[in-house]
Amino acid sequence: MALNLRKLSHALGAEVCGLDVSKPMSEAGFGEIYQAFLRYNILLFRDQNITREQHIEFSRRFGELDRHDALPRDRHPRHPEILMVTNEPKPDGAPSDTKYTGRQWHSDMSFTLVPSLGSLLRCLSVPEVGGDTMFANMYLAYETLSDGMKRLIAGLHGIHLSGTRKIANTETGVPRAEEQRRINPPVAQPVVRVHPETGRKALYIGEKVKRFEGMTEEESKPLIDYLVAHATRPEFVYRHRWRKDDVMVWDNRCTMHLALGDFDETQLRHMERTTVLGTPSGRVAQGA
Ligand code: SIN
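Cut-offs applied
- Residues numbered from 1 in each chain as written.
- Predicted model: local features only at pLDDT ≥ 70, side-chain atom pairs only at ≥ 80, totals over all residues.
- Heavy atoms only, no water.
- Helix = DSSP H or I, 4+ residues; strand = E, 2+ residues; numbered from the N terminus.
- Buried < 20%, exposed > 50% of the residue type's maximum accessible area, 1.4 Å probe, protein only.
- Core = buried A, V, L, I, M, F, W, Y, C linked by side-chain atoms within 4.5 Å.
- Contact = heavy atoms within 4.5 Å.
- Salt bridge = Lys/Arg side-chain N within 4 Å of Asp/Glu carboxyl O.
- Near = heavy atom within 4 Å.
- Polar contact = N/O pair within 3.5 Å; in protein donor to acceptor, adjacent residues only side chain to side chain.
- Areas by Shrake-Rupley, 256 points an atom, 1.4 Å probe, with all protein chains shown as cover.
- Nonpolar A, V, L, I, M, F, W, Y, C, P; charged D, E, K, R; others polar.
- Pairing = 2+ DSSP bridges.
- Axes fitted to C-alpha atoms, helices over the stretch in contact; angles between N-to-C directions.
- Disulfide = S-S within 2.5 Å.

## Describing unusual backbone geometry
Part 1 of the argument: Positive phi values are uncommon outside glycine, yet N41 reaches one of about 75°.
Part 2 of the argument: Tracing the backbone through its elements, the reader meets N41 in the loop between α1 (27-40) and β3 (42-45).
Part 3 of the argument: For N41, a relative accessible area of 3% translates into the label buried.

Next comes the structure, spelled out in structure tokens:
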């Protein structure tokens, strides 16, 4: 099977054109997709009118799936492999627990000891305009740092928190954030990770990082802010405008992403995500 690929941006991403992910696929056929995934870091499949079961089945080709024990409120009641990302209110009219999911630069499950290999997000409903997602190439972010900065961050660990740092979410966030903090103690992750399959170094930072291990928040903040700003320079980023039935898979080991709140919240934005388990990384943070 020769893949028909179209680049999405200079920094990262490719669309796999004309492929139905619900159709049977040989090992060799999937191998080509996986090689493209490693090369382009994010892959887009358009017009995938698939079921939840098919979403799960295709995701399993990438590896074992997370059952989202770290985010129990957010998973689908009958399909624990599916994480809901929706602003659809609950049946009693209360705001959705996942209304603000992803509204800060992050790599999925970085606040656990098994950060994700990759995620597959399926778009079921998008607002008339906006609700885009931005992706940053963290290989480029690392490789374009000066040698001095590379030396400075080489041994650093960032303390990753679950829940939000930036959004004062009094509407939906209090029970969810408390529960997340109880289940997920802060985790120290290396600021530079070596991708286990490509061997390339990537920056592993984001807005869930509160401070560096062994340093105060005040000391850490300027460098965290610098590294996030550097990694999200326009030349390292792709901004995806969703269409219904898009499926996007990204490599969490060398990208980070941000769900934008640039839309009319009275309109439905409904996405569903599977999360592929990665390899163990990091340690529970001491004295966090
Ligand atoms: C996520 O962070 O997994 C969700 C991203 C999005 O909703 O665009």
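## Considering the nonpolar core
Part 1 of the argument: Membership of the largest hydrophobic core comes to 28 residues, with the highest contact counts inside it found for M138, I153, L203, I205 and L227.
Part 2 of the argument: Only β6 (133-137), α3 (138-143), α4 (147-153), β10 (201-203), β11 (209-212), α6 (217-231) and β14 (255-259) provide two or more residues apiece to this core.
Part 3 of the argument: Considering each element in turn, this core owes the most residues, five residues, to α6.
Part 4 of the argument: With residues near it in sequence (within four places) discarded, L203 still touches M138, A141, Y142, L145, I153, V191, L227 and A231.
Part 5 of the argument: Counting residues in hydrophobic clusters, the runner-up holds 27 residues, among them A14, F30, F58 and I82.

## Let's talk about the pattern of salt bridges
Part 1 of the argument: The tally for this structure, following the rule as stated, stands at 24 salt bridges.
Part 2 of the argument: Among the ionic pairs, D20 bridges to K23, the shortest N-O distance being 3.2 Å.
Part 3 of the argument: The class of D20 is partly exposed, set by a relative accessible area of 29%.
Part 4 of the argument: A single salt-bridge network, built from bridges that share partners, covers R52, R122 and E272.

## Side note on the site of the ligand
Part 1 of the argument: Every residue lining the ligand is accounted for by V85, G102, H106, D108, L121, T133, W250, H257, A259, R269 and R273.
Part 2 of the argument: In this structure, H257 approaches the ligand through a side-chain N or O atom, which is 3.0 Å from an oxygen atom.
Part 3 of the argument: Note that an oxygen atom of the ligand is positioned 2.8 Å from one of the side-chain N or O atoms of R269.
Part 4 of the argument: For the ligand, the accessible surface in isolation is 260 Å², of which the surrounding protein chains cover 100%.
Part 5 of the argument: Taken together, the residues that form the shell around the ligand break down as four nonpolar, four polar and three charged.

## Digging into the sheet that holds strand β15 (residues 270-277)
The strands that make up a sheet are held in pairs by hydrogen bonds between backbone atoms, and each pair lies either parallel or antiparallel.
Part 1 of the argument: Strand order across the open sheet formed by seven strands is β1-β2-β3-β13-β5-β15-β4, with mixed pairing between neighbours. Edge positions in the sheet fall to β1 (5-7) and β4 (83-86), since each of these pairs with one other strand and no more. Between one strand axis and the next, the sheet turns through 25° on average, direction left out of account.
Part 2 of the argument: Strand direction decides the pairing type here: strand β2 (residues 14-16) and β3, joined by two bridges, are parallel. Counted as the bridge partner of E15 is L44 from β3.
Part 3 of the argument: Across the sheet, helix α2 (residues 52-60) lies against β3, β4, β5 (116-125) and β15, angled at about 30° from β15, the strand it touches most.

## Quick look at the sheet that holds β11
Part 1 of the argument: If you walk across this open sheet you meet the four strands as β11-β7-β8-β16, and the pairing is antiparallel. The open sheet is flanked by β11 and β16 (283-284), the only strands paired with a single partner.

## Overview of the pairing of β14
Part 1 of the argument: Here β14 lies mainly inside the structure; five of its five residues are buried.
Part 2 of the argument: Residues of β14 alternate between two faces, with T255, H257 and A259 on one and M256 and L258 on the opposite face, all of them buried.
Part 3 of the argument: Summarising the sheet, β6 and β14 pair through five bridges and their orientation is antiparallel. When the bridges of β14 are listed, T133 appears paired with A259.

## Section: the state of the cysteines
Working definition of a disulfide: a covalent bond connecting the sulfur atoms of two cysteines.
Part 1 of the argument: In this structure the tally under the stated criterion is zero disulfides.
Part 2 of the argument: Cysteine C17 remains unbridged, with the sulfur of C123 as its closest cysteine sulfur at 18 Å.
Part 3 of the argument: Accessibility expressed as a relative area gives 23% for C17, which makes it partly exposed.
Part 4 of the argument: The exposure class of C123 is buried, given its relative accessible area of 1%.

## With respect to the environment of Q54
Part 1 of the argument: Tracing the chain through its elements places Q54 in helix α2.
Part 2 of the argument: Engagement of the side chain of Q54 in a polar contact is seen with the backbone nitrogen of T51, the distance being 2.9 Å.

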